[in-house]
Amino acid sequence: MKTMKRRIFLSGTAAAGGAFAATAAGVGTAVAAEAPRTTSEATGTITVGPQDRRYSDLRRGTNQRWVGSPEQIRLATTTEEVVQVVQEAVDSGKRLAVRSGGHCYEDFTTHKDISIVLDLSRMDDVSYDTHRRAFAVQPGMPLGRVYESLYKGWGVYLPAGNCPSVAAGGHIQGGGYGSMSRRDGLAVDHVYGIEIVVVGADKKARVVTATREQDDPNRDLWWAHTGGGGGNFGVVTRYWLRSADATGSDPADQLPTPPREVWLSEIAWPWADLNEARFTRLMWNHGEWHARNSAPDSPYTALFSQLKTFHKSAGAVVLDSLVDAGAPGAERMLKSYIDAVSAGVGVKPQVRQYRRIPWLHATQWPGFTGPDPTIRFKGKSVYAKRTYTDTQINAAYRHLTRDDFDNPGALLMIASYGGVVNKVAEDATAVPQRDSVLKYQVVSLWNDAADDKANISWVRTCYRDMFAETGGVPVPNDTTDGCFINYADVDLSDPLWNTSGVAWHDLYYKNNYPRLQKVKAAWDPTGFFQHAQSISAS
C-alpha cells in the first residue's frame, strides 16, 4: 500500500490538518471544449455544467473519495436565488443536494442520483441584525472567516469547530464543537434563529424564519437545526447567533468573548518506546483525567486537547493541547494535565511545541485544523461518558500496531468534551449527548484510490473490535453515548457493521428522533430533501 511520506508527520498534526502531500484521483476523460460562463439574467445564479472548466473542482468536496456527476452545479448568492433553484428542481422532478463547504464524510452531495448541486459557498457574509440583536451568518462562510469577522468587528466569537475551512452551513446545524466548547458550549447553544427555504405539500418553495422564542410558531423548526444535521428539512440561508443569556443592545454583549491569548502545547511519545502496557497506561490516564475534570464547573473547562494515537508507522502518539491563558493558573493547569496523562507511562514525552500566542492566530494552528482537501478519508465517531474499557484499549493497540497495514495517517483522534456542553438538557437542542467527556473518531486519511480498500477496512475493523461488546458500535449506555451526525457514517445503517440492534438514527439522535420526525413531516412533507441517512417523516 502506498503511504504518505513520514516527514509530514514530524509535527504530529497531519491527521488534524497538517500538510499532506496528496494526489487526487482522476475524474474521468477530459471534455472536448470549454463552455463559457453562464449567468442567469433573472437571478445572477452561476450555473456550471460538465463542459465548464470549473466542473471538475465543483463536482466534489474535500473528501476525494466522493466525486459527483450532476447535470448542474448552481452557485447562489441570495435567498431569492436559492428559492428559485429549489423550485426549478421541484418542478423538474430532479434530485437536489445542498453543499456549503463540502466536508461531508459520505456521498450525501455526490450520489449518482443527484442532478443538481446547490452550492452555497458564495453566500459568505457576516453582519449584525439590530432588530434581532443577533449576528447574521450566511451558510457558505468558512469558520476561519466567521471567527475573524466576529472578532475584528465586535470582539466576540462563536464556540464552533477547529477547522477554518469548514463552512458554517452544515457544521452549525449538526451541532458543531471545538476547542472552546468546554468553556462556552456548542455552536448550536448560541443559535437564536434561522432563515430557511422549505418545500411545502403544495410543492412550492418558500422562505421561513424560525427562532428559539417560546411563542414562535416555527420554534420546532429552529430546534431541529440545533443538531438535526444537514440535508433534512430545507436550505438554511442564514443563521442568527445570540447567546441565550445575552442582554442589552450592544453587539459586543450578544456572543461570548474569546480568550485574549492561549497556551499551545504539543508533546509526543515515540512508538519505539511504547509497548502494550505503556500504551494502556497512557490511555487509562487520559480517559480518567477527563472523567474527573469535565464537569461544567471544573476550572479545566479552559483546557482542550486532542490525543492522536497514530498508527505506529507515523512514529509517535501525539497530544496537542490548548488552554485559555487568562484562566487562573492557566500554565499550571496545562502542565498538570500533561503530567497526569504521562504519569506511570515510563516514557518521557518529547516536547515539540510550547508557546503562548493570541487567540485569533491560534484558530489557524495546524495542531487542530482539518484535513488537506486533496486527500481521501473515512471516519467513525464515538461519544464517551467515561474512560476507555479494556476491550477498547486492547483493540485499539492491536490495530495501531498491525504489521499488515502501514499508513501514518490512520489513528484515533480523541477530543476533550463535556464542561459547559453538559449543562444543557438533552432535549433542549437536537443534540442529545450532554453527559459525555470525550468525543473521538477512528479515522484514516490517505492519498490514492488504490488504497481505499485497505484503509476503509482498517477503520471498520478497528471500530468494530473496539465496540465488540455492543455489536460493533458505541451504543448509548453507561460508557458510550452513540455517534456524531456531522461525522456521517453509513456503516451504522448496515447490519454487517452494526449488529447491536440499535438503529442508526438512535445512535445519532437517541430519544430526540421522534421529535425530529415530526418536524420532517411538518416542514418537508414531500420528502424532497433526502440522502442515505436523512430523517424519515414516519
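Conventions we followed
Residues numbered from 1 in each chain as written. Predicted model: local features only at pLDDT ≥ 70, side-chain atom pairs only at ≥ 80, totals over all residues. Heavy atoms only, no water. UniProt positions renumbered as here; feature names shortened; annotations may be inferred. Pairing = 2+ DSSP bridges. Helix = DSSP H or I, 4+ residues; strand = E, 2+ residues; numbered from the N terminus. Axes fitted to C-alpha atoms, helices over the stretch in contact; angles between N-to-C directions. Contact = heavy atoms within 4.5 Å. Core = buried A, V, L, I, M, F, W, Y, C linked by side-chain atoms within 4.5 Å. Buried < 20%, exposed > 50% of the residue type's maximum accessible area, 1.4 Å probe, protein only. Expected span 1.5 Å × (residues − 1). Phe/Tyr/Trp six-rings, centres within 6.5 Å; stacked < 30°, edge-to-face > 60°. Lys NZ or Arg CZ within 6 Å of the ring centre and 35° of its normal. pLDDT = per-residue confidence, 0-100. 1 Å grid on protein atoms, 1.4 Å probe; cavity = no way out; pocket = protein on both sides within 12 Å on 5 of 7 lines; lining within 4 Å. Points joined across faces, edges and corners; volume = space filled by probe spheres on them. Nonpolar A, V, L, I, M, F, W, Y, C, P; charged D, E, K, R; others polar. Lys, Arg positive; Asp, Glu negative; His and termini not counted. Salt bridge = Lys/Arg side-chain N within 4 Å of Asp/Glu carboxyl O.

- For the chain, the name recorded in an unreviewed UniProt entry is FAD-binding protein, with Streptomyces beihaiensis as its organism.
- Looking at the chain in UniProt, the text filed under Sequence similarities (unreviewed entry) is "Belongs to the oxygen-dependent FAD-linked oxidoreductase family."
- Entered under Cofactor (unreviewed entry) in the UniProt record, the comment concerning the chain runs "FAD".

1. Re the pairing of strand 6 (residues 126–129)
- By the bridge criterion, four bridges tie strand 6 to strand 7 (residues 134–137) in an arrangement that is antiparallel. Bridge pairing links serine 127 to alanine 136 in strand 7.

2. Quick word on the sheet that holds strand 7
- Ordered in space as 6-7-10-8-9, the five strands form an open sheet in which the pairing is antiparallel. Because the sheet does not close on itself, it has two edges, and the strands there are strand 6 and strand 9 (205–211). On average, each strand axis in the sheet is inclined to that of its neighbour by 25 degrees, with strand direction left out of account.
- Along the sheet, helix 2 (residues 79–92) contacts strand 8 (191–199), strand 9 and strand 10 (235–241); its crossing angle with strand 8, the most-contacted strand, is approximately 35 degrees.
- Across the sheet, helix 3 (residues 143–154) lies against strand 6 and strand 7, angled at about 50 degrees from strand 6, the strand it touches most.

3. With respect to the nonpolar core
- Core analysis: the biggest nonpolar cluster contains 131 residues, and Leu221, Trp269, Leu412, Tyr440 and Met466 have the highest contact counts within it.
- Beyond its immediate stretch of four places on either side in the chain, tryptophan 269 contacts Leu274, Leu282, Leu307, Gly315, Ala316, Val317, Leu319, Val341, Ser342, Val345, Val347 and Pro349.
- Core analysis: the next-biggest nonpolar cluster, separate from the first, contains 18 residues, Val85, Val86, Met123 and Val197 among them.

4. Digging into the UniProt feature "domain: FAD-binding PCMH-type" (unreviewed entry) in the chain
- Mapped onto the present numbering, the UniProt feature "domain: FAD-binding PCMH-type" (unreviewed entry) falls at residues 59–246.
- The distance from the first to the last C-alpha atom of residues 59–246 is 41 Å, and the span holds 22% helix and 23% strand.

5. Examining unusual backbone geometry
- You will see that lysine 203, though not glycine, has its phi angle at about 65 degrees, which is positive.
- Tracing the backbone through its elements, the reader meets lysine 203 in the loop between strand 8 and strand 9.
- In this structure, lysine 510 takes a positive phi of about 55 degrees despite not being glycine.
- Within the fold, lysine 510 resides in the loop between helix 12 (504–509) and helix 13 (513–523).
- A residue is classified by how much of its surface remains accessible, and lysine 510, at 14% relative accessible area, is buried.

6. Some remarks on the environment of alanine 340
- Position of alanine 340 among the secondary structure elements: in helix 8 (residues 330–342).
- Of the residues examined, alanine 340 reaches a relative accessible area of 23% and is grouped as partly exposed.
- For alanine 340 and alanine 89, which are 251 residues apart along the polypeptide, the C-alpha to C-alpha distance reads 56 Å.
- Leave out the neighbours within four places in its chain, and alanine 340 touches Asn285 and Trp289.

7. Overview of helix 2
- Its 14 residues place the ends of helix 2 20 Å apart at the C-alpha level, agreeing with the 20 Å of an ideal helix rising 1.5 Å per residue.
- Where helix 2 is concerned, the buried positions are Thr79, Glu81, Val82, Val83, Val85, Val86, Gln87, Ala89 and Val90.
- Those residues of helix 2 that are buried are in contact with strand 3 (72–75), strand 4 (96–99), strand 5 (116–119), strand 8, strand 9 and strand 10.

8. Describing the packing of aromatic side chains
- For the coordinates displayed, the defined rule picks out 28 aromatic pairs.
- Relative to tyrosine 513, the ring of tryptophan 504 has its centre 6.2 Å away and its plane inclined at 70 degrees; by these criteria the two rings are edge-to-face. Both residues of the pair, tryptophan 504 and tyrosine 513, belong to the buried class.
- Grouping aromatic residues by their ring pairs yields a cluster made of Tyr105, Tyr177, Phe377, Tyr383, Tyr417, Phe484 and Tyr487.
- Over the ring of phenylalanine 484 we find lysine 439; its NZ or CZ atom is 3.3 Å from the centre of that ring.
- The ring centre of tryptophan 223 lies 3.9 Å from the NZ or CZ of arginine 515, which sits over that ring.

9. Concerning the confidence of the model for the chain
- Confidence in the prediction of the chain, expressed as mean pLDDT, is 92, and 92% of residues score 70 or more.
- Considering only residues more than four positions removed or in separate chains, one finds that residues 2–43, a stretch of pLDDT under 50, has 100 contacts.

10. Side note on the layout of surface pockets
- Here the largest pocket defines a volume of roughly 430 Å³.
- Its residues assigned to classes, the lining of the largest pocket shows nine nonpolar, four polar and six charged.

11. A look at the side chain of arginine 212
- Inspection of the secondary structure puts arginine 212 in the loop between strand 9 and helix 6 (219–224).
- Although arginine 212 is buried, it makes no salt bridge; glutamate 213 carries the closest opposite charge, 6.0 Å away.
- Not counting chain neighbours up to four residues away, the residues in contact with arginine 212 comprise His190, Val191, Tyr192, Arg219, Trp222, Arg242, Ser243 and Ala244.

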